[in-house]
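# Residue-level structural notes
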Amino acid sequence: MAPKNQARDNREARERLRLYQARQGLHDRQRRRRRRDDLIGVGALVVVAALATGSQLAFAGAHAPKATPSASASATGTPTPSPSATAGNTGTVPSKSIAKDSTWTGSLTLNKDVRLGIELDGKKAPQAASVEISLIQKQFYDGTTCHRLADSSGFKFLQCGSANGDGTGDAGFQYGPLENVPSDGVYKKGVIAIARGASASSQTTQFFIVYGDTTLDGSTGGYTVVGKVTSGLDALESKITSKGIASKGADGTGAPKVATKITGATIEQQQ
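Summary of the structure given here. (Residues numbered from 1 in each chain as written. Predicted model: local features only at pLDDT ≥ 70, side-chain atom pairs only at ≥ 80, totals over all residues. Heavy atoms only, no water.)

### Some points on the nonpolar core
To be explicit about the condition: Throughout this description, the term nonpolar core refers to a set of buried Ala, Val, Leu, Ile, Met, Phe, Trp, Tyr and Cys residues connected via side-chain atoms within 4.5 Å. Think of it in three bands: with a 1.4 Å probe and only protein chains considered, a residue is buried below 20% of the maximum accessible area for its type, exposed above 50%, and partly exposed in between. The secondary structure listing takes helices from DSSP runs of H or I that are at least 4 residues long and strands from runs of E that are at least 2 residues long, numbered from the N terminus. The contact rule is simple, with two residues in contact once any of their heavy atoms fall within 4.5 Å.
Formed by 36 residues in total, the largest nonpolar core has its most connected members in Leu108, Leu110, Leu116, Phe207, Ile209, Leu236 and Ile262. No other element matches helix H2 (residues 126-137), which puts six residues into this core. Filtering out sequence-adjacent residues up to four positions away, isoleucine 262 remains in contact with Leu108, Thr109, Leu110, Tyr141, Asp142, Gly143, Thr144, Cys146, Cys160 and Phe207. Within the second largest apolar cluster, 14 residues are counted, among which are Phe157, Val191, Ala193 and Val210.

The following block contains the structure:
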């Protein structure tokens, strides 16, 4: 009987080993699959992040502008985009009726001591002006950072309004269409424009202040000019932009050396 018992025990041992190895193989395959899926997921996030960042900005990037590649490059705009431009709107976008086809004036204070007079054009950019009016009235911008500075010749702007202070984040919505876009791609000194991503409906909370005539690539439609700075540019330049960029990226822009925050904003309709 012993030999039979031993043979049976050997068979059972081999079966246990086979099952163990099978379980180990399954575990390894699952681990490799999770690893692969994680890598694919990370890769997808990197691609999405790259697209989102590249799309923003003019604002720089979450929204940022790009300089025109060369002096001869075309910089056409789309002042009156087709109705389909709003097809990608997401979230609850403030009604364009807020601006009421009128002019709104107020102030934007940076670092408590740089006070900019501002004017928003509710006639030429009713949707963008309404969004900015709503955000200012709700004090969305208070404490947010101006995270991107461009200081090259023909490429001068300060980008602000990111919810997270680094070019990311928004107020829960994105909108279009593009409005009041310069047909020649030239954004005059003092202009306030809306940053965006790749699509015309990717405008959100970020905007940029042009402190020197700037030519931007208009091949994807350009950027909405929502208003202008009416006073205070000298202080902005002397106290912030003239101090330069902390560390320039590949596109020549970066965070300003003088850390800059929005410390106050007001707006009211002109009668």
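### Some details on the environment of tyrosine 141
With respect to the secondary-structure elements, tyrosine 141 resides in the loop between H2 and strand E3 (148-152). When its relative accessible area of 1% is taken as the criterion, tyrosine 141 is described as buried. Along the backbone, tyrosine 141 and isoleucine 262 are 121 residues apart, and their C-alpha atoms lie at a distance of 6.5 Å. If sequence neighbours within four positions are ignored, tyrosine 141 has contacts with Glu132, Leu135, Ile136, Gly161, Thr205, Phe207 and Ile262.

### Focus on the state of the cysteines
For clarity, the cut-off: Only a pair of cysteine sulfur atoms within 2.5 Å counts as a disulfide in this structure description.
Scanning the entire structure with this criterion turns up one disulfide. The partner cysteine of cysteine 146 in its disulfide is cysteine 160, sulfur to sulfur 2.1 Å. Around the S-S axis, the bridge from cysteine 146 to cysteine 160 shows a dihedral of about 100 degrees and counts as right-handed. One end of the pair, cysteine 146, is in the loop between H2 and E3; the other, cysteine 160, is in strand E4 (residues 155-160), and 14 residues separate them in sequence. In this structure cysteine 160 comes out as buried when scored by relative accessible area, which is 0%.

### Some remarks on H2
An α-helical segment advances 3.6 residues per turn. Residues three or four places apart therefore align on the same side. Here is the rule we go by: In this scheme, a helix's expected span is set at 1.5 Å multiplied by one less than its residue total.
For H2, spanning twelve residues, the distance from its first C-alpha to its last is 16 Å, which sits close to the expected 16 Å at 1.5 Å a residue. With ten of twelve residues buried, H2 lies mostly within the body of the structure. Restricting attention to buried positions, one finds in H2 the residues Gln127, Ala128, Ala129, Ser130, Val131, Glu132, Ile133, Ser134, Leu135 and Ile136. Buried-residue contacts for H2 involve strand E1 (103-110), strand E2 (114-121), strand E6 (191-194), strand E7 (207-212), strand E9 (225-231) and strand E11 (262-269). Two residues or fewer after H2 comes glutamine 139, characterised by a positive phi angle close to 60 degrees.

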